[in-house]
Amino acid sequence: MSLHVKFWGVRGSIACPSPNHVVYGGNTSCVQVTLDDHTIIFDAGTGIRGLGHEILRRDIRRSSLMLTHTHWDHINGFPFFAPAFQANRHFRIYAGHLQEMGGIYHVLANQMANPTFPVPLDALQANLEFIDFTQGETLEPEPGVLVRTAPLRHPNGATGYRIDYKGASVCYVTDTEHIPGQPDQTILDLIAGADLVIYDCTYTDSEFPAKVGWGHSTWQEGVRLCRQANAKRLAIFHHDPDHDDQFMERLEEEARTLWSGALVARDNLELTLA
C-alpha cells in the first residue's frame, strides 16, 4: 500500500516563470495524489500541463480531478491537459461550490469558449464526467477511497479536501482566509491527526493585515492549525508570486525553526506518506 503526493504547481494568483522562481517553481496549483492504482488530482492550474505528460508516459487511463474553486489560477491549465484530448481516458471532475451557478461543466465550457480560447470543451475526446456536490459531503471516487470535503472562506467559495486511505491521510486546504485569534473549527475538524496538510500560506503574518478580505492565509496560521489539530506535517503552499526564491529560502528557514513539521512545497516535490 502506498500514498504518494507530487506537487506540479505550488503558486497562487498567477504563474511566474522567471529566473527568480526556479528553486520553488512558478506553476499554479496542481497536486497529484497516487493511492496504489488510483490517481486523484487537486486543481488544474498551470502545473497540470506537466502532470498530463506524466499521465501519458505512465498510460494512466482514469483519474479524478477535484477542484477547490474555479478562479483562473486553479483552472487555467485545464485546456492544456493533453490526456483530456484522448478518447481512451476517463476523468471525473468534481466541484463543490457551483451548483447554484450552473455547475462545473458550465464554468469550464465558458473558459474554453470564443473569443478567449479556440478549442471548445466539447472538442475534448476523453470521457469526462462532471460531478457537482455540496461542501460537507464525503465522496468515494474509487472503491475504498474516501474523500471528506468542507467549505472554506474565500471569495465565490472554495472547498477543502481530506483523503483517508488505508490508515494514511492527506488534506488539501487552499484557498482560505483565517480570522486572527479565531482558529477555523471547520478546518481543525478536517485536518485532525492528518499525516500531511497542504495549506494556503500565501502571506506572512506581517503581510496579512494589508490583505484582509482577499481570501488567503499565512504560513504561521498553518503551523498554528496543524499543531492544534495534531497533524504531523504541514506543506506550505500557494506561494505569492512576489515571493521569489530568495524570499522563500528565508521563509523556509524560519518555518523549520518554528516547527520541525513544516516544509515548503515546490514544483516536482514528491512525498510518500505510507
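Quick caveat: nothing in here was measured; it's all calculated off a predicted structure. (Residues numbered from 1 in each chain as written. Predicted model: local features only at pLDDT ≥ 70, side-chain atom pairs only at ≥ 80, totals over all residues. Heavy atoms only, no water.)

**Student:** It is not clear to me how the sheet that holds strand β3 (residues 38-42) should be interpreted in this structure. Could you clarify?
**Tutor:** Strand order across the open sheet formed by 7 strands is β6-β5-β4-β3-β2-β1-β14, with mixed pairing between neighbours. Looking at the sheet topology across the chains shown, the edges are occupied by β6 (127-132) and β14 (270-272). Going across the sheet, the axis of each strand differs from the next one's by a mean of 20°, ignoring polarity. Strand direction decides the pairing type here: strand β2 (residues 30-35) and β3, joined by 5 bridges, are antiparallel. Bridging from a neighbouring strand, Thr34 pairs with Thr39 of β3. Against the sheet, helix α1 (residues 48-58) contacts β1 (3-9), β2, β3 and β4 (62-66), and its axis sits at roughly 30° relative to β2. Across the sheet, helix α2 (residues 103-111) lies against β5 (90-95) and β6, angled at about 120° from β6, the strand it touches most. (Pairing = 2+ DSSP bridges. Helix = DSSP H or I, 4+ residues; strand = E, 2+ residues; numbered from the N terminus. Axes fitted to C-alpha atoms, helices over the stretch in contact; angles between N-to-C directions. Contact = heavy atoms within 4.5 Å.)

**Student:** For this particular structure, what's the right way to read the packing of aromatic side chains?
**Tutor:** Any aromatic ring pair is given by two values, namely how distant the centres are and how the planes are angled relative to each other. Applying the stated criterion to the full structure yields 9 aromatic pairs. The interplanar angle of 65° and the centroid separation of 5.6 Å between the aromatic rings of Tyr172 and Phe237 together place this pair among those described as edge-to-face. Here the residue Tyr172 occupies a position in strand β10 (residues 168-173), and Phe237 occupies one in strand β12 (residues 234-237), the gap between them amounting to 65 residues. Each member of the pair, Tyr172 as well as Phe237, carries the same accessibility label: buried. (Phe/Tyr/Trp six-rings, centres within 6.5 Å; stacked < 30°, edge-to-face > 60°. Buried < 20%, exposed > 50% of the residue type's maximum accessible area, 1.4 Å probe, protein only.)

**Student:** I would appreciate a short explanation of the nonpolar core in the present structure.
**Tutor:** Grouped burial of nonpolar side chains is what soluble globular proteins tend to show. Residues Val5, Phe7, Ile163 and Ile198 are the most contacted members of the largest nonpolar core, which totals 29 residues. Mapped by element, the contributors of at least two residues to this core are β1, β2, β3, β8 (145-152), β9 (158-165), β10, β11 (196-200) and β12. Excluding its chain neighbours within four sequence positions, the residues that come into contact with Ile198 are Val5, Phe7, Val31, Val170, Cys171, Tyr172, Val173, Ala235 and Phe237. (Core = buried A, V, L, I, M, F, W, Y, C linked by side-chain atoms within 4.5 Å.)

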